[in-house]
Amino acid sequence: MLYARSRRFVMSVLVLLLGALVLYCGANWWWDGRLSLRPLAVLMTLGAASAATGLVGPDPGLDRTAALSWPHRRAAHLLGLAGLVLAVSLGLSHVLVPAVPGQVIIRDTLGLTGLLGLGATLFGGPLSWCLPFAALMLAYVPGLQQVPIAGWLVQPWDHPSAIVTAAAAMVLGIVGYSVFGVRGS
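An account of the accompanying structure is given in this report. Because the structure is predicted, anything quoted here is derived from the model rather than measured.

1. A look at the overall build of the protein
Thought 1: Along the protein, the regular secondary structure elements total 8 helices and 0 strands.
Thought 2: Taken from the N to the C terminus, the helices and strands of the protein come in the order α-α-α-α-α-α-α-α.
Thought 3: Relative to its full complement of 185 residues, the protein shows a buried share of 45%.
Thought 4: Residue pairs in contact within the protein that sit at least 24 positions apart in sequence constitute 72% of those at least 6 positions apart.
Thought 5: When the accessible surface of the protein is totalled, it reaches about 9,400 Å², and 75% of it is carbon and sulfur.

Written out as structure tokens, the structure is:
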């Protein structure tokens, strides 16, 4: 419980649930209950970015000198975050019609979580949201949506380069964050 509180877990969950509620109300109000991948990609990015400040503890020195193994905890932290964002996104996509394919939600959530971990390793905890946000912005730029690597968030679920891009982001992010930790700590 103390670990969850020191990593601002409750605030991250509240931001994710508030984003899901706004998206649900918006889908019912403006889009007649239809949900496309683009607003859902915003929710998944919001869910990943809301946990950015929780990737580093309040005292980096304490994290470095802890008796427990931190690489396992860091990996579990990112995978738990991915599971939470995945559960909310999949639940929302099944409540609204038509549902976005679950494979796309899984691919995008894991890729965004990996980018969050990679951002924490490269830029530090408070700026780790930059890489998932940049991926989202690239997916919204007209003309780049059809470029497989730049628009991987909005590509069909069976697009090979989108799968490879998301898998590479996930592996690099989880391994980088688990092994090297947060920049500056």
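2. So, the environment of Ile174
Thought 1: Within the secondary structure, Ile174 is located in helix H8 (residues 160-180).
Thought 2: Separated by 99 residues in the primary sequence, Ile174 and Ala75 have C-alpha atoms spaced 6.0 Å apart.
Thought 3: Here Ile174 is in contact with Ala75, Leu78 and Leu79, once residues within four sequence places are set aside.

3. A closer look at the side chain of Ser178
Thought 1: Position of Ser178 relative to the elements: it lies in helix H8.
Thought 2: Here Ile174 takes part through its backbone oxygen, which lies 2.7 Å from a polar atom of the side chain of Ser178.
Thought 3: Setting aside residues no more than four positions away along its own chain, Ser178 makes contact with Pro71, Arg74 and Ala75.

4. Describing the nonpolar core
Thought 1: Grouped together as the largest cluster of nonpolar side chains are 42 residues, with contacts concentrated most on Leu40, Leu43, Met44, Leu92, Trp152 and Leu153.
Thought 2: Secondary structure elements with two or more residues in this core: helix H2 (9-29), helix H3 (37-50), helix H5 (70-95), helix H6 (102-123), helix H7 (130-140) and H8.
Thought 3: The greatest single-element share of this core, amounting to 7 residues, is contributed by H5.
Thought 4: In this structure, Leu43 is in contact with Leu16, Gly19, Ala20, Leu23, Val88, Ser89 and Leu92, ignoring residues within four places of it in sequence.

5. Re a nonpolar patch on the surface
Thought 1: Among the surface-exposed residues, Val42, Leu122, Phe123, Leu127, Trp129, Phe133, Met137 and Tyr140 lie close enough to one another that they form a single nonpolar patch of about 680 Å² accessible area.
Thought 2: Put simply, the parts of the chain that give the nonpolar patch at least two residues each are H6 and H7.
Thought 3: Residue contributions to the nonpolar patch peak at 3 residues, all from H7.

6. Some remarks on H8
Helical geometry note: an α-helix holds 3.6 residues per turn, so side chains three or four residues apart project in the same direction.
Thought 1: With 21 residues, H8 ought to run about 30 Å at 1.5 Å a step, and its terminal C-alpha atoms sit 29 Å apart, in line with that.
Thought 2: For H8, every residue scored as buried is listed here: Ala162, Thr165, Ala166, Ala169, Gly173, Ile174, Gly176, Tyr177 and Ser178.
Thought 3: As for H8, its buried residues are in contact with H5 and H6.
Thought 4: Where H8 terminates, the next one or two residues include Gly181, which has phi positive at roughly 75°.

Calculation criteria
- Sequence order as written defines residue numbering, which begins from 1 separately in each chain.
- It should be noted that, the model being predicted, local features are given only for residues of pLDDT at least 70 and side-chain atom pairs only at 80 or more, the latter also being counted only at that level, while totals for whole chains, interfaces and linings use all residues.
- Working from all heavy atoms in the structure, the side-chain values ignore hydrogens and water.
- Only runs of H or I of at least four residues qualify as helices and only runs of E of at least two qualify as strands under DSSP, and these elements are numbered from the N terminus.
- Throughout this description, buried means an accessible area under 20% of the type-specific maximum (1.4 Å probe, protein chains only), exposed means over 50%, and partly exposed covers the range between.
- When checking whether two residues touch, look at their non-hydrogen atoms; a contact exists if any pair is within 4.5 Å.
- Accessible surface is estimated by sampling points in the Shrake-Rupley manner with a 1.4 Å probe; for residues, cover comes only from the protein chains shown.
- Counting of polar contacts relies on pairs of N or O atoms within 3.5 Å, with two restrictions inside protein: one atom must be capable of donating a hydrogen and the other of accepting it, and residues adjacent in sequence are counted only when both atoms are side-chain atoms.
- What we call a nonpolar core is a set of buried Ala, Val, Leu, Ile, Met, Phe, Trp, Tyr and Cys residues that are connected through their side-chain atoms within 4.5 Å.
- Like-charged residues are merged into a patch within 9 Å and nonpolar side chains (Val, Leu, Ile, Met, Phe, Trp, Tyr) within 5 Å, provided each residue has over 30% relative accessible area and no salt bridge.
- The term salt bridge refers to a pairing of a side-chain nitrogen on Lys or Arg with a carboxyl oxygen on Asp or Glu at a separation within 4 Å.
- Multiplying 1.5 Å by the helix residue count minus one yields the expected span of that helix.

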